Amino acid sequence: MADWTFLTNHAHVMVCLRRDPGARLRDVAAAIGITERAAQRIVAELEEGGYLTRAREGRRNRYTLHSEMPLRHRLEGGSCIGDLLESLANGGPPPGQPSLLDRPSRGRALATPATASLPERRRDTGPDDEGDHPQ
């Protein structure tokens, strides 16, 4: 079975920063399963495209997402990035926090039968890869 997700790494970065605008890119990268360098490149591309801005606060960055920006594919016409982010806003923990799948449960299995057999994976993006395909 192919190892893929519905969202790109760019969308995953936006989701992480929506959940925690002050997140460290190291934590964002770990949450997504990419390298910190790939997360830095994606943030730079999103900033260049007008999808976010970053401001320095002490030793950390704080990210402001521009939710009015459109989704980029012609099939998504009329939809804004904010619509997508809002639908995913409460779907998981902020970067650096354990997910519900990482926490022990009182004797109950956390993974469903459909997800129990999925392999661990680490994805990275290279210079020619937009992060849509597993490595």
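Residues numbered from 1 in each chain as written. Predicted model: local features only at pLDDT ≥ 70, side-chain atom pairs only at ≥ 80, totals over all residues. Heavy atoms only, no water.

(A) Fine view of helix H1 (residues 9-19). The buried count for H1 comes to nine of 11 residues, which makes it a mostly enclosed element. Along H1, the positions that sit buried rather than exposed are Asn9, His10, Ala11, His12, Val13, Met14, Val15, Cys16 and Leu17. Lining the buried residues of H1 we find helix H2 (25-32), helix H3 (36-48), strand S1 (52-57), strand S2 (60-65) and helix H4 (81-88). (Buried < 20%, exposed > 50% of the residue type's maximum accessible area, 1.4 Å probe, protein only. Helix = DSSP H or I, 4+ residues; strand = E, 2+ residues; numbered from the N terminus. Contact = heavy atoms within 4.5 Å.)

(B) Layout of the pairing of S1. Of the strand pairs in this sheet, S1 and S2 are connected by six bridges, and their pairing is antiparallel. Its bridge partner being in S2, Arg56 is matched across the sheet by Asn61. Between S1 and S2, which follow one another and run antiparallel, lie two residues, and Gly58 among them has a positive phi close to 65°. (Pairing = 2+ DSSP bridges.)

(C) Spatial organisation of H4. The complete set of buried residues in H4 reads Ile81, Gly82 and Leu85. Within H4, the buried residues cover an arc of 90° as seen down the axis, which keeps them to one side. Those residues of H4 that are buried are in contact with H1 and S2. (Arc of directions from axis to C-beta.)

(D) Up close: the nonpolar core. Ranked by size, the top nonpolar core spans 22 residues in total, and within it Val13, Met14, Leu17, Val28 and Leu52 carry the most contacts. Listed by contribution, the elements that provide at least two residues to this core are H1, H2, H3, S2 and H4. (Core = buried A, V, L, I, M, F, W, Y, C linked by side-chain atoms within 4.5 Å.)

(E) The pattern of salt bridges, seen in detail. Going through the model one piece at a time under the given rule, you end up with five salt bridges. Put simply, Arg26 and Glu36 hold a salt bridge, and the shortest N to O gap is 3.8 Å. In this pair, Arg26 is assigned in helix H2 and Glu36 in helix H3, connecting sequence segments 10 residues apart. Judged by relative accessible area, Arg26 falls into the partly exposed class, the value being 49%. (Salt bridge = Lys/Arg side-chain N within 4 Å of Asp/Glu carboxyl O.)

(F) Fine view of the environment of Arg18. Positionally, Arg18 belongs in helix H1. Along the sequence, Arg18 and Ala89 sit 71 residues apart, while their C-alpha atoms lie 6.9 Å from each other. Setting aside its immediate chain neighbours within four residues, Arg18 contacts Leu65, Leu85, Glu86 and Ala89. Polar contacts involving the side chain of Arg18 include one to the side chain of Glu86, which spans 2.6 Å. (Polar contact = N/O pair within 3.5 Å; in protein donor to acceptor, adjacent residues only side chain to side chain.)

(G) Summary view of the packing of H1 against H3. The contact between H1 and H3 brings their axes to 10 Å, and the two run at 85°. If you check the angle between H1 and H3, you find them roughly perpendicular. Where H1 abuts H3, its residues Asn9, His10, Val13, Met14 and Leu17 lie against Ile42, Val43, Glu45 and Leu46. Considering only residue class, the contact of H1 with H3 consists of six nonpolar, two polar and one charged. (Axes fitted to C-alpha atoms, helices over the stretch in contact; angles between N-to-C directions. Parallel < 35°, antiparallel > 145°, perpendicular 65-115°, else oblique. Nonpolar A, V, L, I, M, F, W, Y, C, P; charged D, E, K, R; others polar.)

(H) Focus on the environment of Tyr51. Mapped onto the fold, Tyr51 is located in the loop between H3 and S1. A relative accessible area of 8% places Tyr51 in the buried class. Expressed as a C-alpha distance, the spacing of Tyr51 and Thr64, which sit 13 residues apart in the sequence, is 8.6 Å. Once you skip the residues sitting within four places of it in the chain, Tyr51 turns out to touch Met14, Leu46, Thr64, Leu65, His66, Met69, Pro70, Arg72 and Ile81.

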